[in-house]
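Residues per chain are reported as follows:
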Amino acid sequence: MPKAGEIKKNSAVEYEGGVYFVKDIERSVPQGRAGGSLYRMRLYDVVTGYKIDQTFKDSDMLNLADLVRRPAIFSYSDGDEYVFMDSEDYTQYSLNREAIADELLFINEETQGLMVILVSEAPVALDLPPTVDLVIEETDPSVKGGSATARTKPARLTTGLVVQVPEHISTGDRIKINVEERRFLGRA
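Below or above, wherever it landed, is the structure these notes cover. (Residues numbered from 1 in each chain as written. Predicted model: local features only at pLDDT ≥ 70, side-chain atom pairs only at ≥ 80, totals over all residues. Heavy atoms only, no water.)

### Remarks on the overall build of the protein chain
Note the threshold: For helices the rule is a DSSP run of H or I covering at least 4 residues; for strands it is a run of E covering at least 2, with both sets numbered from the N terminus onward. When a residue's accessible area, from a 1.4 Å probe over protein chains only, is under 20% of the maximum for its type it is buried; when over 50% it is exposed; and in between it is partly exposed. Any two residues whose heavy atoms approach within 4.5 Å at even a single point are treated as in contact. Only the protein chains shown count as cover for residues, and the accessible areas themselves come from Shrake-Rupley with a 1.4 Å probe. In this charge count, Lys and Arg are treated as positive and Asp and Glu as negative; neither His nor the chain ends contribute. Here the site of a charge means atom NZ of a Lys, CZ of an Arg, CG of an Asp or CD of a Glu.
For the protein chain, the helix and strand inventory stands at zero helices and 15 strands. Expressed as lengths along the three principal axes of its C-alpha atoms, the size of the protein chain is roughly 60 × 50 × 25 Å. Put simply, the protein chain has 188 residues, and 37% of those count as buried. A sequence separation of at least 24 residues applies to 43% of the contacts in the protein chain between residues at least 6 apart. For the protein chain, the exposed area adds up to about 10,900 Å²; of that, 46% sits on carbon and sulfur atoms. When the 22 basic and 31 acidic side-chain charges of the protein chain are each reduced to a single mean position, those positions are 8 Å apart.

Given below as structure tokens:
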């Protein structure tokens, strides 16, 4: 049983008789008070998708739920449902757009390293690789000699994500993105 401070984003925990998926964690250290940090977690019920915000002390103990990660690739979308196929046994997993809205900004048909997260055999979320390669759909024209300065410009990628890129990068370039920080890392 890990402490609240050891729980990571995209973990599944048992809380008040249900299984919840941890989507977001904010750490705060209250001033002028003895004790440790507080962790405010945004939890989503695995079955219903119901959202709760809960605050835990650093020393609170939480049970980890049984969680299975399966390697998958994006297959197709059907309305608000996105279908991913298991890379090993070709099982199809269907996820709702709302459940994976943030992750969709980093996914296209070529994205490698995706993991579908299953709780009790049901797909609940998507785990992204640390970096993804995406193509720039629209940005300002590249500036000759732009690599000499550290100035940046906004670039919209094919998935709709907007990131800051150096001035020498142009439309159509394939770039590497840090998923956690939503930041340009370099040309792919």
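Moving on from the coordinates now.
### Some points on unusual backbone geometry
Residues other than glycine seldom take positive phi values, yet Tyr 90 does so here, at roughly 65 degrees. Residue placement: Tyr 90 occurs in the loop between β7 (81-86) and β8 (92-96). The exposed category is assigned to Tyr 90, whose relative accessible area is 57%. In this structure, Arg 182 takes a positive phi of about 55 degrees despite not being glycine. Structurally, Arg 182 can be placed in the loop between β14 (174-178) and β15 (183-187).

### Considering the sheet that holds strand β13 (residues 162-166)
For clarity, the cut-off: For two strands to count as paired, DSSP must find a minimum of two bridges between them. Note on method: axes are straight lines fitted to C-alpha atoms, helices fitted across the in-contact stretch only, with angles between N-to-C directions ranging 0 to 180 degrees.
Reading across from one edge, β13-β12-β11-β14-β15 is the order of the five strands in this open sheet, with antiparallel pairing throughout. Two strands lie at the open edges of the sheet, namely β13 and β15, each paired on one side alone. Shown here is a sheet whose adjacent strand axes are inclined to one another by a mean of 55 degrees, direction ignored. The pairing of strand β12 (residues 152-157) with β13 spans five bridges and is antiparallel. Each residue of the ladder has a partner; that of Lys 153, found in β13, is Val 165.

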